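Listed below, chain by chain, are the residues.
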Protein chains: 2
Amino acid sequence: MGEHTVTSFDEDLDHLDRLVRDMSELGAAMVQAATRSLIGSDNALAQRVLSDDALMDARQRELDEAAIRLIAKRQPMAQDLRAVVGAIRMAADLERIGDLAKNIAKRVAAVGAGGTPRNLAHSLEAMSDLVLDQIHGTIEAYVGRDAAALEARRDDDENIDIHYTSVFRELLTYMMEDPRNITTCTHLLFCAKNLERIGDHVTNIAENAYYVVTGSLLPLHRPKRDETTPAD
Amino acid sequence: MGEHTVTSFDEDLDHLDRLVRDMSELGAAMVQAATRSLIGSDNALAQRVLSDDALMDARQRELDEAAIRLIAKRQPMAQDLRAVVGAIRMAADLERIGDLAKNIAKRVAAVGAGGTPRNLAHSLEAMSDLVLDQIHGTIEAYVGRDAAALEARRDDDENIDIHYTSVFRELLTYMMEDPRNITTCTHLLFCAKNLERIGDHVTNIAENAYYVVTGSLLPLHRPKRDETTPAD
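Read on for an overview of the structure. From a predicted model like this one, the values you see are computed outputs, not experimental measurements.

**A look at the overall build of chain A**
Here's step 1: A tally of regular secondary structure across chain A gives 9 helices and 0 strands.
Here's step 2: Reading chain A from its N terminus to its C terminus gives the helix and strand order α-α-α-α-α-α-α-α-α.
Here's step 3: Taking 232 residues into account, the globule formula puts the C-alpha radius of gyration at 17 Å, and chain A, at 19 Å, falls close to it.
Here's step 4: Projecting the C-alpha coordinates of chain A onto the three principal axes gives extents of approximately 70 × 40 × 20 Å.

**Notes on the interface of chain B and chain A**
Here's step 1: Every contact between the two is made by 38 residues of chain B and, on the other side, 38 residues of chain A.
Here's step 2: Summed over both partners, the interface of chain B with chain A buries about 3700 Å², with 64% contributed by carbon and sulfur atoms.
Here's step 3: Linking chain B with chain A are 2 salt bridges.
Here's step 4: Across the pair D64 of chain B and R89 of chain A runs a salt bridge, and its minimum N-O distance is 2.5 Å.
Here's step 5: Linking chain B with chain A are 3 residue pairs in polar contact (both at pLDDT 80 or more).
Here's step 6: For the side of chain B that touches chain A, the elements supplying multiple residues, two or more each, are α2 (43-74), α3 (78-106), α7 (154-177), α8 (182-214) and α9 (225-228) of chain B.
Here's step 7: Tallying contributions element by element places α8 of chain B first for the side of chain B that touches chain A, with 9 residues.
Here's step 8: Within the side of chain B that touches chain A, the residues separate by chemical class into 21 nonpolar, 6 polar and 11 charged.

**Re the relation of the copies chain B and chain A**
Both copies of the chain are placed relative to one another by a rotation about an axis and a shift along it.
Here's step 1: Overlay of chain B on chain A (RMSD 0.0 Å): rotation 180°, translation along the axis 0.0 Å. Interpreted geometrically, this transformation is the action of a two-fold axis. Of the C-alpha atoms belonging to chain B, the one lying closest to the rotation axis is found on Q75 of chain B, 2.9 Å away.
Here's step 2: Interface overlap between copies is the fraction of interface residues in one copy that are interface residues in the other; for chain B against chain A it reaches 100%, indicating a shared surface.

**With respect to the packing of aromatic side chains**
Here's step 1: In this structure the tally under the stated criterion is 5 aromatic pairs over all chains.
Here's step 2: Pairing F190 of chain A with F168 of chain B gives two aromatic rings, centres 6.4 Å apart and planes at 35°, and the pair type is tilted. With one member in each of two chains, F190 of chain A in helix α8 (residues 182-214) and F168 of chain B in helix α7 form a pair that bridges those chains. Like F190 of chain A, the residue F168 of chain B is buried in the burial classification.
Here's step 3: With a centroid separation of 5.8 Å and an interplanar angle of 80°, the aromatic rings of F190 of chain A and F190 of chain B are classed as edge-to-face. In this pair, F190 of chain A sits in helix α8 while F190 of chain B sits in helix α8, so the two residues belong to two different chains.
Here's step 4: An aromatic cluster is present here, built from Y164, F168 and F190 of chain A together with Y164, F168 and F190 of chain B joined pairwise through their rings.

Calculation notes
- Residues numbered from 1 in each chain as written.
- Chains lettered and ligands numbered in written order.
- Predicted model: local features only at pLDDT ≥ 70, side-chain atom pairs only at ≥ 80, totals over all residues.
- Heavy atoms only, no water.
- Helix = DSSP H or I, 4+ residues; strand = E, 2+ residues; numbered from the N terminus.
- Rg over C-alpha atoms; globule rule 2.2 N^0.38 Å.
- Contact = heavy atoms within 4.5 Å.
- Buried area = accessible area lost by both parts, 1.4 Å probe.
- Salt bridge = Lys/Arg side-chain N within 4 Å of Asp/Glu carboxyl O.
- Polar contact = N/O pair within 3.5 Å; in protein donor to acceptor, adjacent residues only side chain to side chain.
- Nonpolar A, V, L, I, M, F, W, Y, C, P; charged D, E, K, R; others polar.
- Least-squares fit on C-alpha atoms with pLDDT ≥ 70 in both.
- Phe/Tyr/Trp six-rings, centres within 6.5 Å; stacked < 30°, edge-to-face > 60°.
- Buried < 20%, exposed > 50% of the residue type's maximum accessible area, 1.4 Å probe, protein only.

Spelled out as structure tokens, the structure:
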């Protein structure tokens, strides 16, 4: 258990971190492409998101296998083990983010060319930008082992939820104005919901990362929009 | 590494299995109560689901800690490690099932007393029954280490998706008939979607369980409704 072993464990952990970061970059690219394909009715771009999802699944399996090999080989104790299990959990959230982006991309054809009213397109793009910023900020804070930055990220989710609620209301208005909008708006509603859920998964990642970095749970005291609105 | 140690590891693993089974029973009870509270506009029952969710979160933490202690103490090799990591993953899916049930319960107040048309109530209850059967069957097959039964469960999800699609269409019809139905129907749409997503999580559990039991991935060859409809 000399210094050499310790260094090697850290190298293995760095490798896991790189895989987490790669997955997060792929996830962010998928979210961005899915939103763009929806707003621009771009079927080819939507198709790319679908094939990226297969890549995301493969990367998760790769990370899982690397993590399990690492545990078997190094047999790490509490704190190191926490980091490895943390990486497995983050990979699971990133894989779900890929799924949700894919589900947005799959609605592109259903929404069709006449699809997204300009105001809504703007609101959806704003949501997507917030999510992308949340992903990048969270992963940077994790890789940099920056607990304070991770704690600060938790306002992101609140902000995304506020945007979601506003998109939700906007969509209800369109549906009430003209029943012919209902089918399209329902698809857009699920797209907005998926962006909101992606935000939830990034929040999970931040909570997990915080636990890896500090060994403590993030204090539970976050604004409880959950109790006031049934918006999820 | 005598027989005594092996037995003890198996006992520890049995303990994890019991925790998984407890969480699955709690999850099933939450799904059932959430659906009933929605259909019967039963706010008190909905409230119980909300407090059950806190219990579910606590159970997941308990399982995670037991699993991590087990890895640290026993330092299991490949196959045993797979079982422990599998339990952690199943617990994560069960916790998400609790969240989704909670989200149904939170919509009970918004849907209100006049809420669910009889036909829809019937369809939602049928979906919920399918999900409950899927949860029980999957966990029994896992605890019994029955790979064939796990493989057979994968049709469940297809069946739930078919019900979801029909509820989705029914809801669109109500919305188009009368714009005053739109807000309520939107909430019911998310409830139906949540039941469908619970089915997806149970399918994840079955796939994970299959991997624990056999060491192989479930063959990917399941009906790909994903490619034909944007229904998620």
